Amino acid sequence: MRISRIRNDRETCYYHLINRVTGDPEELPFGNAEKEYLFKLIERMQLFYSVEIISAVVMSNHLHAVCCAHPEPPDRKTVIANYRGFHGSEKTEPDWTNP
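Basis of the calculations
Residues numbered from 1 in each chain as written. Predicted model: local features only at pLDDT ≥ 70, side-chain atom pairs only at ≥ 80, totals over all residues. Heavy atoms only, no water. Helix = DSSP H or I, 4+ residues; strand = E, 2+ residues; numbered from the N terminus. Contact = heavy atoms within 4.5 Å. Polar contact = N/O pair within 3.5 Å; in protein donor to acceptor, adjacent residues only side chain to side chain. Salt bridge = Lys/Arg side-chain N within 4 Å of Asp/Glu carboxyl O. Axes fitted to C-alpha atoms, helices over the stretch in contact; angles between N-to-C directions. Parallel < 35°, antiparallel > 145°, perpendicular 65-115°, else oblique. Buried < 20%, exposed > 50% of the residue type's maximum accessible area, 1.4 Å probe, protein only. Pairing = 2+ DSSP bridges.

## Notes on the environment of glutamine 46
Moving on, step 1. Locating glutamine 46 in the fold gives a position in helix H1 (residues 32–48).
Moving on, step 2. In sequence terms glutamine 46 and proline 29 are 17 residues apart; their C-alpha atoms lie 24 Å from each other.
Moving on, step 3. For glutamine 46, the contacting residues outside a window of four places in its chain are Val51, Glu52 and Ile53.
Moving on, step 4. Of the polar contacts made by the side chain of glutamine 46, one reaches the backbone nitrogen of isoleucine 53; its length is 2.4 Å.

## Remarks on the pattern of salt bridges
Moving on, step 1. Enumeration according to the criterion identifies 3 salt bridges in this entry.
Moving on, step 2. Between lysine 40 and glutamate 36 there is a salt bridge, with the nearest N and O atoms lying 3.3 Å from each other. Of this pair, lysine 40 and glutamate 36 both sit in helix H1, separated by 4 residues, roughly a single helical turn.

## Topic: the packing of H1 against helix H2 (residues 76–87)
Moving on, step 1. Contact geometry for H1 and H2: axes closest at 7 Å, N-to-C directions at 150°. With respect to H2, the element H1 is oriented roughly antiparallel. Every residue of H2 that contacts H1 at Arg44, Met45, Leu47 and Phe48 is listed here: Asn82, Tyr83, Gly85, Phe86 and His87.

## A word on the pairing of strand S3 (residues 62–69)
Moving on, step 1. The element S3 is largely enclosed, with a buried count of 6 among its 8 residues.
Moving on, step 2. Bridge analysis of strand S2 (residues 51–58) against S3 gives 7 bridges, and the strand direction is antiparallel. Directly across from alanine 56, in S3, lies its bridge partner alanine 65.
Moving on, step 3. Linking S2 back to S3 in an antiparallel pair, the connection comprises 3 residues.

Here's what the structure looks like:
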């Protein structure tokens, strides 16, 4: 059974993330089009979440990413900019005056 790692909220931390697809080990579901889509998705997610993607590689049936998480939460201005950068004009914005 996997045990949770200790989370450090006091200094910048780097994490190695791995994600595998399910199914037959002989299947290779990530072709060039899927890999390109995943890279674009990773870049887009970086606009919204408060992590920095240092490196990412997509293999034929899994991906690896190294990300950097900073201890301090983003300020309100950054949250609003991230929301707008991620959603653009396709979504109604929340009431930013309501905490």
